[in-house]
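Summary of structural features
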Amino acid sequence: MRIIHTSDWHLGQYFFTKTRAKEHQQFLDWLLVQIKHYQVDALIVAGDIFDTGSPPSYARELYNRFVVAMRNTQCQLIILGGNHDSVATLNESKSLLACLNTTVIANVHTETPQAPLILHQKDNAPGALLCAIPYLRPRDMINSRSGQSGAEKQNALKEAIADYYQAQYQAALDLRKQLNANIPIIATGHLTTIGASVTDSVREIYIGTLEAFSATLFPEFDYIALGHIHRPQVVNKSGHIRYSGSPIPLSFDESGQQKSVCLIDFEQDKLTNLTLLPIPEFQLLRTISGSLKEIAIQLEDLKKQYAEIDTTIWLDIEVSTQDYLSDIQTRIQELTNDPLFDVILLRRARKQRQAFTQNENETLTELTVYDVFERRLEQHEFDSEETKTRLTTLFKQAVEMAEQEDNEA
């Protein structure tokens, strides 16, 4: 049995006003080539198909065209909902896509849990069982009770998620016994696990007060295909629990990563091989920082490195200087006056931004919503650091809830 595990496509993402349509099309074309070349039996996409709950029409078109193209590969496609995805958006074409060998699972209902899926090999024999678990929304898992403390809500949610995974695993064991087949049991998930390394583009999931789920609570699946974290990585040094990562860099701090998908091979119920298939870098993103002189040197190095390539480099430039420069934007424009460069983000180093806050109005392009909140906190005196920390946590939860409601609208 051969499977590809990927996640976090974020179709429809705008990167500081830049569309990613071309990159996503190139990735999907590349992925189809890999599926055909390696004769893959099943493709698992572990959440965040779209970047928002109301994706632009071109993103939906990319998605639909890919599903149609998959029909000629004889490869099963399993789509799981993520925290960025709208349940309604994914479900609107669910029945139609089922006719194209595609299973879409946008959310769960604990009263009527999803039965394990049988993944078939090319000869139509059962090759694996999949506990297809999407992003678990708290309202789908627990009922809040008045008077519960934060710790009690956290424990209730943690136990509900652990119980759901255990129930899915037991259902898969029962089905495997009925089939009398020595095949692996695989699970998916779209969540943060304790110890996972995140990046700037990852929207933290605050479900209740549970910020991360312990991998030790997963049952003994033969492989766990995770999504939500964009940096490809293993969990708890366990080779069979893995984040595939996003296929393209979704923030500048991801630009140095080698993006990949996971190619997994099973012989009967044994994981025999796991190969990371490296994804080409379709759009160059680079971060350069330092003084104006140092930035000029780095720009010249980029010109030499990519002199023979017909491409554009999206730049994040962080200027570090002790002097207040009112014409910093003009100076950077002069340094980057080359068709090779497209300055997406220009900012001062954090220490310099803080030093000049009293002298200069920062632009919103230099600040995140959390930066704005921090500025407001700095203007207020707190009785204790604990109060400040608590307010920060509540603010993060409020932002996440607002974004989640927007996705589901």
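The text that follows walks through the structure, step by step, so that each part is easy to find. As the structure is a prediction and not an experimental result, all values here were calculated from the model.

1. Focus on the overall build of the protein chain
In terms of helices and strands, the protein chain carries eleven helices and 17 strands. Approximately 19900 Å² of the protein chain is accessible, and the part contributed by carbon and sulfur atoms is 48%.

2. Concerning helix α1 (residues 21-37)
Compared with the 24 Å implied by 1.5 Å per residue over 17 residues, the 24 Å span of α1 between its first and last C-alpha is a close match. For α1, the set of buried residues is E23, H24, F27, L28, W30, L31, L32, Q34 and I35. Phi turns positive, to about 50 degrees, at Q39, one or two residues after α1.

3. Details of the side chain of Q168
Here Q168 is to be found in helix α6 (residues 150-179). By relative accessible area, Q168 is classed as buried at 3%. The contact partners of Q168, leaving out residues within four places of it in the chain, are P113, Q114, P116, C131, A132 and I133.

4. Some points on the nonpolar core
Counting 33 residues, the largest nonpolar core has I4, W9, L31, L43, I49, Y63 and F66 as the members making the most contacts within it. Only α1, β4 (42-46), α2 (57-70), β5 (76-80), α3 (87-91) and β13 (260-267) provide two or more residues apiece to this core. Each residue touching I49, except ones within four places of it in the same chain, is listed here: W9, H10, L11, Y63, I79, L80, D85 and L90. Judged by nonpolar contacts, the second largest core, of 29 residues, contains I133, A162, F213 and I229.

5. Focus on the packing of α1 against α2
Two elements in contact, α1 and α2, have axes whose closest approach is 11 Å; the angle formed by their N-to-C orientations is 10 degrees. In terms of orientation, α1 and α2 fall into the roughly parallel class. Touching A21, H24, Q25, L28, L31, L32 and I35 of α1 are Y58, L62, R65, F66, A69 and M70, all from α2. For the contact of α1 with α2, the per-class residue count stands at ten nonpolar, two polar and one charged.

Cut-offs used in this document
Residues numbered from 1 in each chain as written. Predicted model: local features only at pLDDT ≥ 70, side-chain atom pairs only at ≥ 80, totals over all residues. Heavy atoms only, no water. Helix = DSSP H or I, 4+ residues; strand = E, 2+ residues; numbered from the N terminus. Areas by Shrake-Rupley, 256 points an atom, 1.4 Å probe, with all protein chains shown as cover. Expected span 1.5 Å × (residues − 1). Buried < 20%, exposed > 50% of the residue type's maximum accessible area, 1.4 Å probe, protein only. Contact = heavy atoms within 4.5 Å. Core = buried A, V, L, I, M, F, W, Y, C linked by side-chain atoms within 4.5 Å. Axes fitted to C-alpha atoms, helices over the stretch in contact; angles between N-to-C directions. Parallel < 35°, antiparallel > 145°, perpendicular 65-115°, else oblique. Nonpolar A, V, L, I, M, F, W, Y, C, P; charged D, E, K, R; others polar.

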